[in-house]
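Overview (structure and organization)
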Amino acid sequence: MDIRRLLGFIVFGILLVEVAFSQTVVKHFTVDNGLPSTEIYFIHQDVEGYFWICTDRGISQYDGTSFTNYSTADGLTHNTIFKCFEDKN
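Calculation rules
Residues numbered from 1 in each chain as written. Predicted model: local features only at pLDDT ≥ 70, side-chain atom pairs only at ≥ 80, totals over all residues. Heavy atoms only, no water. Phe/Tyr/Trp six-rings, centres within 6.5 Å; stacked < 30°, edge-to-face > 60°. Helix = DSSP H or I, 4+ residues; strand = E, 2+ residues; numbered from the N terminus. Buried < 20%, exposed > 50% of the residue type's maximum accessible area, 1.4 Å probe, protein only. Pairing = 2+ DSSP bridges. Contact = heavy atoms within 4.5 Å. Disulfide = S-S within 2.5 Å. Axes fitted to C-alpha atoms, helices over the stretch in contact; angles between N-to-C directions.

**Observations concerning the packing of aromatic side chains**
What the rule picks out here adds up to five aromatic pairs. A ring pair is formed by Tyr41 and Phe82, whose centres lie 4.7 Å apart and whose planes are at 50 degrees; its orientation type is tilted. One end of the pair, Tyr41, is in strand 1 (residues 40-45); the other, Phe82, is in the segment after strand 4 (67-70), with 41 residues separating them in the sequence. Exposure remark for Tyr41: the relative accessible area of 31% places this residue in the partly exposed category. Note on Trp52 and Tyr70: the rings are 6.3 Å apart at their centroids and 25 degrees apart in plane angle, and the pair reads as stacked. With a gap of 18 residues between them, Trp52 in strand 2 (residues 51-55) and Tyr70 in strand 4 connect regions that are remote in the sequence.

So, in C-alpha cells, the structure goes:
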C-alpha cells in the first residue's frame, strides 16, 4: 500500500469519527420556558449575541439562559411585533 493511499484512509477515518460524534443541539422553547407566546414572527441576533424574538404578545430578549419580555405594559405601542431591527447604537 502506498503512502498516499494510507494517508487517505487515515484522513477518511478521522472525518468519519468526527461526523459520528458531532451533534447538533436544537432547543425548543415554549411559554413554560419564559416566552410570552409560541406564535413567533421574527428572530434577530444582535451584535452582542442576544436573540430578539418578535411575537403576538410582545418582544423577548433571550440571553442564552433566560427571557426578558417587553409588552405594552413596558411602553410598546402594540403587543404584536412582526419584525425588529438593530440600530447603530
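**Concerning the environment of Phe67**
In this fold, Phe67 is placed in strand 4. Taking C-alpha positions, Phe67 is 6.6 Å from Leu35, a pair spaced 32 residues apart along the chain.

**Thoughts on the pairing of strand 2**
The sheet contact formed by strand 1 and strand 2 spans five bridges and is antiparallel. In the strand pairing of strand 2, Ile40 is matched with Thr55. The turn joining strand 1 and strand 2, which pair antiparallel and follow one another in sequence, is formed by five residues; a positive phi near 95 degrees is taken by Gly49. Following strand 2, the chain reverses through two residues before pairing antiparallel with strand 3 (residues 58-62).

**What about the side chain of Gln61?**
If you trace the backbone, Gln61 turns up in strand 3. A residue is classified by how much of its surface remains accessible, and Gln61, at 16% relative accessible area, is buried. Leaving out residues up to four positions away in the same chain, Gln61 has contacts with Tyr50, Phe51, Trp52, Ser66, Phe67, Thr68 and Tyr70.

**Observations concerning the state of the cysteines**
Put plainly, two cysteines are in a disulfide when a covalent bond ties their sulfur atoms together. Scanning the model with the defined rule gives zero disulfides in all. There is no disulfide at Cys54, and the cysteine sulfur nearest it, in Cys84, is 3.6 Å away. By relative accessible area, Cys54 is classed as buried at 0%.

**Considering the sheet that holds strand 1**
A sheet is described by the order of its strands in space; here four strands give the open sequence 1-2-3-4, paired in antiparallel fashion. Of all the strands in the sheet, just strand 1 and strand 4 have a single pairing partner and so form its edges. Between one strand and the next, the sheet's axes are offset by a mean angle of 20 degrees, whatever the strand orientation. As judged from the five bridges shared by strand 2 and strand 3, these two strands associate in the antiparallel manner. What sits directly across from Trp52, in strand 3, is Gln61.

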